[in-house]
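This is what each chain is made of:
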Amino acid sequence: MQSYYAARASEYDRVYQKPERQPDLRRIEQWLPSVLSGATVLEVACGTGYWTQFIAPVAAAVVALDSAPETLRIAEQRVAASNVRFQVGDTYALSQPDRSFDAAFAGFWFSHVPLERQREFLRGLNSALEPGARVVLLDNLFVEGSSSAISEHDGHGNTYQHRSLSDGSTHRVLKNFPIEAQLHALAEEGLGKFAAYRRWEYYWAFEYLVPGR
Ligand SMILES: C[S@@+](CC[C@H](N)C(=O)[O-])C[C@H]1O[C@@H](n2cnc3c(N)ncnc32)[C@H](O)[C@@H]1O
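**Remarks on empty space enclosed by the protein**
Where empty space is left in the structure can be found by rolling a water-sized probe over the atoms.
Here is step 1: If you walk through the whole model with that rule in mind, you get one cavity of 30 Å³ or more.
Here is step 2: Each pocket or cavity is described by its volume, and for the largest cavity that value is around 50 Å³.
Here is step 3: Taken together, L122, L137, L183, L186, A187, L191, G192, F206 and Y208 make up the full set of residues lining the largest cavity.
Here is step 4: Of all the secondary structure elements, the ones that give two or more residues to the lining of the largest cavity are α6 (180–191) and β10 (203–209).
Here is step 5: No other element matches the four residues that α6 contributes to the lining of the largest cavity.
Here is step 6: When the residues that make up the lining of the largest cavity are grouped by side-chain class, the tally is eight nonpolar, one polar and no charged.

Structure representation (structure tokens):
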């Protein structure tokens, strides 16, 4: 995963150019800032900063993490706002002991979290946030003809796609497509207080509030 995204950094944004997804993207670009307005946001797996650019103008502050310096370099060029700090970081090892964030955002990341690590990821994220903080997960719906085909399943139920880059390399990428009920089930286990589920034609968003308030 990490080497795939490091290699893909310069061509990552092509995913935002798919013609059929443009109407959804415009809607989400309007909606996302409205739910993070005024917040101090921890963005995990920020990639090239595509979503950071819409969050930054309305947020009080943003700390945006990614494991790949290659994608962060592009993000830094794209978003030069004084309230945004990009840094290398691992979503599974978040260390923000002061819990000073009242919101978090993960765009197109949760689908790459193996099913057997989802709880670990959410617990780690929650522990970096204030009790009551709003978490927004945004991700893909599987849409035949637009999404890459699923090529494999593993014993945990994870699904995989085979993806090619323009240098001819091919990569096996874990990509899950959770349905709404699976997200609710995680919230009901106490990982988050359900706030909202939204779907567009190609995307879904799940919002929850960090327990403890
Ligand atoms: C599908 S991209 C999403 C990028 C961005 N959030 C967006 O929506 O355009 C997934 C990102 O996760 C990053 N990544 C992979 N493993 C990671 C980890 N353990 N911790 C932090 N970032 C990671 C990759 O470098 C990549 O930028």
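**Quick look at the site of the ligand**
Here is step 1: Taken together, 21 residues surround the ligand, and among them Y16, A45, D66, T91 and G107 come closest.
Here is step 2: At 2.6 Å from a nitrogen atom of the ligand is found a main-chain nitrogen or oxygen belonging to A45.
Here is step 3: D90 has a polar side-chain atom sitting 2.9 Å from a nitrogen atom of the ligand.
Here is step 4: Starting from 590 Å² of accessible surface for the ligand in isolation, the protein chains cover 98%.
Here is step 5: Looking at the shell around the ligand, its residues break down into eleven nonpolar, eight polar and two charged.

**What to know about helix α5 (residues 118–127)**
Here is step 1: Within the span of α5, buried status applies to Q118, F121, L122, L125 and N126. Looking down the long axis of α5, one finds its buried residues gathered within 125° of arc, a one-sided arrangement.
Here is step 2: Of the surrounding secondary structure, the elements contacted by the buried residues of α5 are β1 (40–44), β4 (101–107), β5 (129–140), α6 and β10.

Conventions used here
Residues numbered from 1 in each chain as written. Predicted model: local features only at pLDDT ≥ 70, side-chain atom pairs only at ≥ 80, totals over all residues. Heavy atoms only, no water. 1 Å grid on protein atoms, 1.4 Å probe; cavity = no way out; pocket = protein on both sides within 12 Å on 5 of 7 lines; lining within 4 Å. Points joined across faces, edges and corners; volume = space filled by probe spheres on them. Helix = DSSP H or I, 4+ residues; strand = E, 2+ residues; numbered from the N terminus. Nonpolar A, V, L, I, M, F, W, Y, C, P; charged D, E, K, R; others polar. Near = heavy atom within 4 Å. Polar contact = N/O pair within 3.5 Å; in protein donor to acceptor, adjacent residues only side chain to side chain. Areas by Shrake-Rupley, 256 points an atom, 1.4 Å probe, with all protein chains shown as cover. Buried < 20%, exposed > 50% of the residue type's maximum accessible area, 1.4 Å probe, protein only. Arc of directions from axis to C-beta. Contact = heavy atoms within 4.5 Å.

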